[in-house]
Amino acid sequence: MDSIEQRTVGVVVERRRTGNPWQPERWSAVALLPGRPDVAPWTVLESGEGWARCYAGAADVALFASDTDNYRHNLDGPRPAAFVILRRDGGEPGLRLLGVTVDPGEIDAHSDAGDDLIEALPLPPDLAAWMRAFVERHHVDRPFHKRTRDRADPEALARRPRLEREHG
């Protein structure tokens with residue numbers, strides 16, 4: 001059974017007017033908050049002319065023992081990150097929070113869809129420490145095995161004489 005641990009984070013997003021008639025606003029994730037703040041999702045936290053910061057909601061960050069290689073890659077990279085995944089929708093405010101992950105491999109699936117807005121935020125120190133402790137407890141080095149193909153049988157591709165029909 002795969003060991004799993006979770007932590008909840010709150011996500012703050014920002015909406016800015018662009019002045020572009022085809023895309024009148026731009027959304028971006030700007031901060032992660034520890035835990036689940038006592039604020040309703042999509043509450044405006046602060047605003048100014050042409051922009052507003054909102055609490056988008058809470059998401060669970062999950063760590064799986066089978067993915068420790070990905071977490072190590074993230075932690076040891078030049079900019080360790082938490083990835084916020086948002087999706088446009090028809091309701092108000094036009095966006096919904098799908099989740100937060102620290103697994104760079106998981107982001108590939110969302111970026112292939114093309115519908116999701118993915119923002120990499122600097123990994124908060126408390127999440128980084130939790131990830132490192134998880135990796136130390138659960139990481140198992142797995143040797144790399146290069147797959148080898150079976151050798152082709154040249155006789156399998158050779159022409160064969162036609163079988164003559166027997167007339168009986």
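Position numbers for residues start from 1 in each chain and track the written sequence from start to end. Residues qualify for local features only when their pLDDT is at least 70, as the model is predicted, and side-chain atom pairs are given and counted only at 80 or more; totals for whole chains, interfaces and linings, by contrast, use all residues. To get the side-chain values, all heavy atoms of the structure are used, and hydrogens and water are removed first.

## Some remarks on helix α1 (residues 68–76)
Logical step 1: All of the buried residues in α1 are Thr-68, Tyr-71, Asn-74 and Leu-75. End-on, the buried residues of α1 take up no more than an arc of 120°, which puts them together on one face. In α1, the exposed positions angled more than 90 degrees off the buried face are occupied by His-73 and Asp-76. Relative accessibility decides the category of a residue: with a 1.4 Å probe and only protein chains considered, values under 20% of the type maximum give buried, values over 50% give exposed, and everything between is partly exposed. A run of H or I in DSSP counts as a helix once it spans at least four residues, and a run of E counts as a strand once it spans at least two, with each numbered from the N terminus. Within this analysis, the arc is defined by the directions that extend from the helix axis to the C-beta atoms.

## Comments concerning helix α3 (residues 125–138)
Logical step 1: Helix span, expected: 1.5 Å multiplied by one less than the number of residues in the helix. With 14 residues, α3 extends 20 Å from end C-alpha to end C-alpha; this agrees with the ideal 20 Å at 1.5 Å per step.
Logical step 2: Leu-127, Ala-128, Trp-130, Met-131, Phe-134 and Val-135 are the residues of α3 that are buried. The arc that holds the buried residues of α3, viewed along the axis, is 165°, so those residues lie on one side. Along α3, exposed side chains directed more than 90 degrees from the buried face belong to Pro-125 and Glu-136.
Logical step 3: For α3, the elements touching its buried residues are β1 (4–17), β2 (25–34), β4 (51–64) and α1. The contact criterion used throughout is that any non-hydrogen atoms of two residues lie within 4.5 Å.

## Thoughts on the nonpolar core
Within soluble globular proteins, side chains that are nonpolar tend to cluster in buried spots.
Logical step 1: Only buried residues count toward a nonpolar core. Its members are Ala, Val, Leu, Ile, Met, Phe, Trp, Tyr and Cys residues joined through side-chain atoms within 4.5 Å. Counting residues in hydrophobic clusters, the biggest one holds 30 residues, and the most contacted among them are Leu-32, Val-84 and Val-100.
Logical step 2: Those elements giving two or more residues to this core turn out to be β1, β2, β4, α1, β5 (81–88), β6 (95–101), β7 (116–122) and α3.
Logical step 3: For this core, the leading source of residues is α3, giving six residues.
Logical step 4: Dropping the residues within four chain positions of it, Val-100 is found in contact with Val-9, Val-11, Leu-32, Ala-59, Asp-60, Val-61, Ala-82, Phe-83 and Val-84.

## Thoughts on the sheet that holds strand β3 (residues 43–48)
Logical step 1: Strand order across the open sheet formed by four strands is β2-β1-β4-β3, with antiparallel pairing between neighbours. At either end of the open sheet lies a strand with only one pairing partner, and these are β2 and β3. Taking each pair of neighbouring strands and ignoring which way they run, the sheet shows an average axis angle of 35°.
Logical step 2: By the bridge criterion, 13 bridges tie β1 to β4 in an arrangement that is antiparallel. Bridge assignment links Val-9 to a residue of β4, and that residue is Ala-59.
Logical step 3: Of the strands in this sheet, β1, β2 and β4 are in contact with α3, which crosses β1 at around 150°. Each pair of strands is called paired provided DSSP finds at least two bridges between the two strands. Every angle, taken between N-to-C directions, lies between 0 and 180 degrees, and every axis is a line fitted to C-alpha atoms, over only the stretch in contact when it is a helix.

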